[in-house]
Structures are given as structure tokens and as C-alpha cells.
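# A closer look at the structure
Listed here are the chains, written in short residue letters.
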Amino acid sequence: AGTTLLLRNVDEVAAERVLLVGLGEETATVAEKSFVQAAQAAARSLASYGANDAILALPGVSGRDAAWAVRTIVVAFRESIFRTDSLKSKKSAVSTGVKKVAIAVTSSQAAGAKLALTHSVALANGMDLTKKLGDLPPNVCTPTYLANTAKTIATDYKMGIEVLERKQLQALKMNSFLSVTNGSEEPPKFIVLKHMGGKAKDAPTVLVGKGITFDSGGISLKPGAGMDEMKYDMGGAASVLGTMRAIGEMKLKLNVIAVIPTCENMPSGKATRPGDIVTSMSGQTIEILNTDAEGRLIL
């Protein structure tokens, strides 16, 4: 599964080249894992061929329909062209690859496959946003940057948006959340993004994302080795924002609310100390024994 072989000028075949992709052991239907590996292999291979177009023939996948196969292919091909070099002064060379990819389905599958394609592109766009936010450095992807991203999603897809600033958080007595931000110069943000596509009386699905844009550990400082990876501590927030973008593009008939507390956890003379006691919005007192336990404080 996942192996490839390129054939040229095959007799009685109109295409100039035929890419064979391995699907594992021969069975009546293809295993799900083997199909995913094949889709990824096809995407990698076609990214290096300077052809104008390609058409993919879908085999039957055990327990899955054509819509699932379309989604798997779209995600695999979008992953193959995803780049994270936007901040590089000298970008790596990128092969042009195949310009247009078509997916062959039976006539009875066409309507479902078209809808699946629309949804799959929206899903891939959401995944791209999540990965881009995660890859950005912490001096770019700040709480303000996440809040502005949420505002852009709200504008593009007509969602409700509310971003609470420090004074509003203080008025609400959200001191558990605010205690994490004490050592940072970056202002905290509390983001509420609403997609109300369902019925007015329908209970919403609520997605909560942790948005620590950099986690030094605070006074309970983390070891220096690998601390650069603490820019990923906003992965929950990035996942929720990517999901909301996909939901907006799909125009789902659901009520979905995203809640994202976002700030930095930094050490300074103003930082929360181990042993400090803070009072949460609900009135519960919390003794902070380790300032690197910031996630539970903001969530």
C-alpha cells in the first residue's frame, strides 16, 4: 500500500502517463488505511509531475462511501501542497505539479460526490488555517492576532463575535484567567465566536480552545531545551478557529459557539507566584502551587 509505478505510452490508453498506486493485498474491497496511504502517495507523486491535469479512479473502500473517498483525496492533496515558509527571507523552490485533478465517480454517486467536494474543500481550508496559526512564531501569533483572526472569520461568514478585553475580564472577576497573564506585556483576550445556523431553540454545540500563545511556565519556568515548542500551546485555539472557519464555509445548519481564552504565560516581577491564592469568576479560591498549570486556570 502506498507504492507507486509510473507507466508511459500504455497501449489503448489515451493518457500519456498512468500512475499505478499500490492498495495492499488483493481483496474484494480496499481497507480504509490502505486507501489513505494510496491517496497520500498519489498526491506526493503528482506534485512532482509537470502535467496539466490528472484523473483519479476510485476503488471501493470497505465500509466507506464515495463521499469519504473524495474527502480523503482532497485532504491528502491539500496536505501535499501546504507550505510553512511564509516568513522565510528566501523561500524554498516549489515544484508546479499537476494543475488540475479530477475524481471519477459513477453517475449515481455524482450528486453526493459534488457535495462532498464542497465540504472537503471547506474542511481543508479550516485545517490549513489551524496549521498556519500553529506554525506562526509567538511574536506574530499573539492573543491579539488570534482575536483578529476570529473577527475575520466572523466577517467572512456572518458570525457573531465578542472579544472581552482586560477591563471587562476584571469587571467579571475572572481572576483565575487573569492570574496567568500577570507576567506578560501582551493583553489577554477572551474570544466568543457564534455560528447560529440552526433553529433558534436548538441548544448549541460549544467548542472550547486553550489559547496560550506562549507558555514559558511562568515563575515555575520550564527547561530551556525545547521551550520554542511552547508556541504550540495555542493548538486548541487554532483547532477551534479552523473548525469554525470550516463550519462557516459549509454553512452548516447547526448552532456552534466557540470560546477561546487566550494570553501568554510569562515570568516577570508582576507574575503570579507559586503559593498565591486567586478567586475565580464562580467565587472558588484556588491555590497555585505550580504556575505551569495555567491551562486549568484559563479554561
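Preceding block: the structure.
Described in the following lines is the structure provided in the data block. (Residues numbered from 1 in each chain as written. Predicted model: local features only at pLDDT ≥ 70, side-chain atom pairs only at ≥ 80, totals over all residues. Heavy atoms only, no water.)

Below, the discussion takes up the pattern of salt bridges. Within the structure shown, the criterion is met by 9 salt bridges. With its nearest N and O atoms 3.1 Å apart, the salt bridge here joins glutamate 32 to arginine 64. Highlighted residues: glutamate 32 in helix α1 (residues 32–46) and arginine 64 in the loop between β3 (53–57) and α2 (66–81), separated in sequence by 32 residues. Overall, glutamate 32 belongs to the partly exposed group, its relative accessible area being 34%. According to the relative accessible area criterion, arginine 64 is partly exposed, its value standing at 38%. Taking the shortest distance from any N to any O, the salt bridge between arginine 78 and aspartate 128 comes out at 2.8 Å. One end of the pair, arginine 78, is in helix α2; the other, aspartate 128, is in helix α3 (residues 110–135), and 50 residues separate them in sequence. The same class applies to arginine 78 and to aspartate 128, which are both buried. (Salt bridge = Lys/Arg side-chain N within 4 Å of Asp/Glu carboxyl O. Helix = DSSP H or I, 4+ residues; strand = E, 2+ residues; numbered from the N terminus. Buried < 20%, exposed > 50% of the residue type's maximum accessible area, 1.4 Å probe, protein only.)

Below, the discussion takes up empty space enclosed by the protein. Within this structure, the stated rule accounts for 2 cavities of 30 Å³ or more. Its boundaries defined by the atoms lining it, the largest cavity holds a volume of some 80 Å³. Forming the walls of the largest cavity are 13 residues, and the residues nearest its centre are Ser179, Val180, Asn265, Thr272 and Thr291. Mapped by element, the contributors of at least two residues to the lining of the largest cavity are α6 (175–181) and α8 (294–298). (1 Å grid on protein atoms, 1.4 Å probe; cavity = no way out; pocket = protein on both sides within 12 Å on 5 of 7 lines; lining within 4 Å. Points joined across faces, edges and corners; volume = space filled by probe spheres on them.)

Take the packing of aromatic side chains next. Between two aromatic rings, the relevant description is the distance of the centres plus the angle of the planes. All chains considered together, the criterion is met by 2 aromatic pairs. Ring centres 6.1 Å apart and planes at 65 degrees place the aromatic pair phenylalanine 177 and phenylalanine 190 in the edge-to-face group. Here phenylalanine 177 is found in helix α6, whereas its partner phenylalanine 190 is found in strand β6 (residues 189–196), with 13 residues between them in sequence. A relative accessible area of 13% means that phenylalanine 190 is categorised as buried. (Phe/Tyr/Trp six-rings, centres within 6.5 Å; stacked < 30°, edge-to-face > 60°.)

Once that is clear, we can look at the side chain of aspartate 233. In this fold, aspartate 233 is placed in the loop between β8 (211–215) and α7 (235–250). What makes aspartate 233 buried here is its relative accessible area of 17%. Among the polar contacts made by the side chain of aspartate 233, one reaches the side chain of lysine 210 at a distance of 3.3 Å. Once residues lying within four places of it in the same chain are set aside, the contact partners of aspartate 233 are Lys210, Gly211, Ile212, Asp215 and Glu294. (Polar contact = N/O pair within 3.5 Å; in protein donor to acceptor, adjacent residues only side chain to side chain. Contact = heavy atoms within 4.5 Å.)

The terminal C-alpha atoms of α3, which comprises 26 residues, lie 37 Å apart, in line with the 38 Å expected from a rise of 1.5 Å per residue. For α3, the full list of buried residues reads Ala113, Ala116, Ser120, Ala122, Ala124, Asn125, Gly126, Asp128, Leu129, Thr130, Leu133 and Gly134. If you follow the buried residues of α3, they end up packed against α2, α4 (143–157) and α7. (Expected span 1.5 Å × (residues − 1).)

So, on to the pairing of β6. Remember that side chains alternate between the two faces of the sheet whenever the strand is regular. Counting buried residues in β6 gives 6 out of 8 residues, a clear majority hidden from the surface. Where strand β5 (residues 160–164) lies against β6, 5 bridges are found, and the strand directions are antiparallel. Looking at the pairing, glycine 160 lines up with lysine 194 of β6. Alignment of β6 against strand β9 (residues 255–265), held across 8 bridges, turns out to be antiparallel. In the strand pairing of β9, lysine 194 is matched with isoleucine 257. (Pairing = 2+ DSSP bridges.)

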